[in-house]
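# Observations on chain architecture
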Amino acid sequence: MEMYRGYPNKELFKNFPDIYEWKLVELSSEDIDNIYYIDYDYWNELFNNTSKPIEAAKNIKNGVEIFDLSNKPFLDGIEYLKNKTFPPVILIICNNEKFLIIEGHSRMTVYGFEPSKLQGTYAYIGYCTPEDMKKYDARMLKYESLKSRKYR
């Protein structure tokens, strides 16, 4: 794995959090609400800056194409998923609330069309500390900081 795309600290993995544990975890359809895209211009445009696969699926249904790239791969993925399953995606997490997609953005977008298909699929999940996640993608901690506020 060390030679793949520069893991653990080069290329794609620059500033990548230290992962203290990896698990293969079964997902449920409800997990789609807690899975977020990485901060990357194509995905940001596709999901209207919400970071959510369901929002990306809505835009694709409405014919939105980003950077003049065809949505055909997503539509082909929907057809594929009717009778087959996708391999596990790779996610990371630090707060047991939000999963960040590291690998499998297109597949997760296809699940955004029909979240029930996520039920019983698997993901490799890497666990890191909030401090490491903050260095990599601080957006993943925003919910946690709001949650800890005291309200009147």
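In what follows, the structure referred to is the one given above.
Residues numbered from 1 in each chain as written. Predicted model: local features only at pLDDT ≥ 70, side-chain atom pairs only at ≥ 80, totals over all residues. Heavy atoms only, no water.

This part is about the pattern of salt bridges. The final tally for this structure, using the stated rule, is seven salt bridges. Between Lys58 and Glu55 there is a salt bridge; the shortest N-O distance is 3.1 Å. One end of the pair, Lys58, and the other, Glu55, are both in helix H2 (residues 53-61), three residues apart, so they sit about a helical turn from each other. Across the pair Arg107 and Glu103 runs a salt bridge whose closest N-O atoms are separated by 2.5 Å. Classification of Arg107 as buried rests on a relative accessible area of 13%. (Salt bridge = Lys/Arg side-chain N within 4 Å of Asp/Glu carboxyl O. Helix = DSSP H or I, 4+ residues; strand = E, 2+ residues; numbered from the N terminus. Buried < 20%, exposed > 50% of the residue type's maximum accessible area, 1.4 Å probe, protein only.)

This next bit is on the sheet that holds strand E4 (residues 99-103). Strand order in the open sheet formed by five strands is E1-E5-E3-E4-E2, with mixed pairing between adjacent strands. The outermost strands of the open sheet, each flanked by one partner alone, are strand E1 (21-26) and strand E2 (35-36). Contacts from helix H4 (residues 105-113) reach E2, strand E3 (89-93) and E4, with the element oriented near 130 degrees to E4. Strands E3 and E4 of the sheet are contacted by helix H5 (residues 130-137), whose axis makes an angle of about 60 degrees with E4. (Pairing = 2+ DSSP bridges. Contact = heavy atoms within 4.5 Å. Axes fitted to C-alpha atoms, helices over the stretch in contact; angles between N-to-C directions.)

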